[in-house]
Amino acid sequence: MSNNSSSGLSPQDMNELENLYKSSEFNTLENKVEELLKKHSKNVNLHNILGVSLQAQGKLKESLKIFEKIIKLQPNFYLAHYNMGNVLKQSLDLKGAKTCYEKCINFSPTFIDAHISLGLILLDLNKLDESANVFKMALKLKPEDGNLHRHLSSVTKYSEKNSHIRDMEKIISNDKITQEQQIQISFALGKAYEDIKNYEKAFAYWKQGNSLKRKEIEYSTKYYARLVQVVKENFTNDLFEKFKNYGKPDKTLIFIVGMPRSGTTLVQQILSSHPEVFGVGESNQFSNKINQCFFKENGFLKENLHNCDPKNFTKIGEDYINNIRQFSTDAKHILVKDLLNFTWLGFIKIIFPNAKIVHCVRNPLDNCVSLFKNYFIGGVDFSYDLIELGEYYNLYQDVMLFWNNILPNYYVNVFYDELINEPKKQIEKLLNFCNLEWNENCIKFYNNKNSISTGTNSINVHQPIYKTSMQYWKCYEKQLQPLLEILKT
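All values derive from a computational prediction rather than experimental measurement.

J.: Report on the overall build of the protein chain, specifying residues and quantitative values.
T.: For the protein chain, the count of helices and strands is 24 helices and five strands. In summary, the protein chain has a C-alpha radius of gyration of 23 Å against a globular reference of 23 Å for 489 residues, a match within 12%. In terms of overall dimensions, the protein chain has C-alpha extents of about 60 × 60 × 45 Å along its principal axes. Split into buried and exposed, the 489 residues of the protein chain put 55% on the buried side. In the protein chain, 71% of the contacts between residues at least 6 apart in sequence involve partners at least 24 apart. In the protein chain, 60 positive and 54 negative side-chain charges are present, and the distance between their average locations comes to 3 Å.

Shown next, in the form of structure tokens:
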């Protein structure tokens, strides 16, 4: 929540707004800003915070109107252009978002976040060279920005002669750089050395980046183990029987679930290439709602699920469908990628009894290596330590085995290696499960012009299926011993 000026607002008001934002209490934040705007109706910073709070709640159209209003009041207010770009990106208007980020940079050339967002949008639009140029231009403004180096590395195919490797080595050897710079550049150098097949050096840098990142976050395997236990104890046949006639019987939704880096982006691109399917990309709205409505912060339930008012399940379903429909009012099916929803399949079954679930599965070692070598913006806190990564993967397998036993044939498994080896056969199986007719667009998914923001995965979805990422964990077999000992392979 960036604000340069807070004219007319007391320090107490500003602190309260800041704290509400940091604690993600966006509904309360919205109400507080509305109250302050009665006294400070022309304060563009307050309008900006209101727009951000609406976006965070998924109220995209309302949020967009706020930023449009700010730009009319003060056309050169760069943050309004930036935040409007974020809303348009979330609304899947990637070209509109690109224009907003360009305007933001025009009004504030040194605002690095806008350069990063523009570079990532160009990546989504399959303009790799333009994306790389944006990151390079931004590095001239801020040569040691680790985030920029990491993003540039993601769109660069390195050779040993590439001077960017030397530039990053020089920065990381400086003992005055911050821990955040070290983390970002470690991941970038890992990518660069993997490109030139120096696997030992690549892994050493990833290990360094992961180790430093792990120190910054609070994560406990025990917490997730307890969550899985709570799920297994509560989702009984009796519970499903009790609530079988509630929820939202809508047939709109297809959920993609699975571990991150398990082929979910590829499956998303294949399905969203079907004319009857509209893909909204990655969204954690449902998992956030489940956490908020049913769980305490310690991972225990707020109340016994048997005692829940069945109307609540219907209300959650209606609110979610209404929210997701803002992306497309007429699509027969809406595809949502909310990966860690695999823990909540029981909730999906009760709230959306007719939703389709597609579960992506990949070789555990390939999956875990792919997680370990990537830097994530929140939500994947289990991936920064090989032992914790293995423990989490085992818990994921446990909970999926549980769902398979209690909800047999409820979801379809799409195995990454099988999809790569026999694309037509596996795509047919996938479409049959989703009650979709065969469509040639699905096998030519890389031509899909309907842009879904997929971050650095965009590089992969714009090219045909390739086999180089199968069994590539073997390049790191020696370094993976701690993981190999834990995984139930």
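J.: Can you break down the sheet that holds strand S2 (residues 277-282) residue by residue, with the values?
T.: Across the sheet, five strands lie side by side as S2-S3-S1-S4-S5; this open sheet has parallel pairing. Two strands in the sheet have a free side with no partner beyond their single neighbour: S2 and strand S5 (411-415). Neighbour to neighbour, the strand axes of the sheet diverge by 20° on average, direction disregarded. Bridge analysis of S2 against strand S3 (residues 333-337) gives four bridges, and the strand direction is parallel. In the sheet register, Phe 278 faces S3, and the bridge partner there is Ile 334. Helix H15 (residues 264-272) contacts strand S1 (253-258), S2, S3, strand S4 (356-361) and S5 of the sheet and is inclined by roughly 170° relative to S3.

J.: Would you mind going over the side chain of Thr 264 in detail, with residue names and values included?
T.: Structurally, the position occupied by Thr 264 is in helix H15. If we ignore the near neighbours within four places in the chain, the residues touching Thr 264 are Ile 256, Val 257, Met 259, Lys 337, Leu 339 and Cys 360.

J.: Any details on the pairing of S4? Residues and values, ideally.
T.: Burial analysis of S4 places five of its six residues in the buried class, which makes it a mostly covered element. Direction of pairing for S1 relative to S4: parallel, over a ladder of five bridges. Each bridged residue has a counterpart across the sheet, and for Ile 256 the counterpart in S4 is Val 358. As paired strands, S4 and S5 are joined by five bridges and run parallel to one another.

J.: Tell me about the packing of helix H9 (residues 146-154) against helix H11 (residues 179-195), residues and numbers included.
T.: At a minimum axis separation of 8 Å, H9 and H11 run at an interaxial angle of 15°. Here H9 is positioned roughly parallel relative to H11, judged by the angle of their axes. Regarding H9 and H11, the two cross each other, and that crossing is left-handed. Between H9 and H11, the residues in contact are Gly 146, Asn 147, His 149, Arg 150, Ser 153 and Ser 154 and Gln 181, Gln 184, Ile 185, Phe 187, Ala 188 and Lys 191, respectively.

J.: How would you sum up helix H13 (residues 221-234)? Please name residues and give values.
T.: Taking 1.5 Å as the rise per residue, H13 with 14 residues should run 20 Å; its terminal C-alpha atoms sit 20 Å apart, in good agreement. The set of residues buried in H13 consists of Thr 221, Tyr 224, Leu 227, Val 228, Val 230, Val 231 and Asn 234. Elements in contact with the buried residues of H13: helix H14 (237-242) and helix H20 (386-406).

J.: Any chance you could break down the nonpolar core for me, citing the residues and the numbers?
T.: One finds Phe 235, Leu 253, Phe 255, Phe 294, Phe 347, Phe 352 and Trp 403 to be the most contacted residues of the largest nonpolar core, which totals 134 residues. Sort the elements by how many residues they give to this core and H20 lands first, with eleven residues. Apart from residues no more than four positions distant in its own chain, Phe 294 is found in contact with Phe 300, Leu 301, Lys 302, Leu 305, Cys 308, Phe 313, Ile 316 and Phe 347. The next biggest cluster of nonpolar side chains, apart from the first, holds 24 residues, and it includes Leu 335, Leu 419, Ile 427 and Cys 442.

J.: Give me the lowdown on helix H1 (residues 11-22), citing residues and values where you can.
T.: The terminal C-alpha atoms of H1 lie 16 Å apart, and with twelve residues this matches the ideal 16 Å at 1.5 Å per residue to within 8%. Taken together, the buried residues of H1 touch helix H2 (26-37) and helix H3 (44-56). Trailing H1 by a residue or two, Ser 24 shows a phi angle of about 60°, which is positive.

Conventions used here
Residues numbered from 1 in each chain as written. Predicted model: local features only at pLDDT ≥ 70, side-chain atom pairs only at ≥ 80, totals over all residues. Heavy atoms only, no water. Helix = DSSP H or I, 4+ residues; strand = E, 2+ residues; numbered from the N terminus. Rg over C-alpha atoms; globule rule 2.2 N^0.38 Å. Buried < 20%, exposed > 50% of the residue type's maximum accessible area, 1.4 Å probe, protein only. Contact = heavy atoms within 4.5 Å. Lys, Arg positive; Asp, Glu negative; His and termini not counted. Charge placed at Lys NZ, Arg CZ, Asp CG, Glu CD. Pairing = 2+ DSSP bridges. Axes fitted to C-alpha atoms, helices over the stretch in contact; angles between N-to-C directions. Parallel < 35°, antiparallel > 145°, perpendicular 65-115°, else oblique. Left-handed = near helix turned anticlockwise from the far one by under 90°. Expected span 1.5 Å × (residues − 1). Core = buried A, V, L, I, M, F, W, Y, C linked by side-chain atoms within 4.5 Å.

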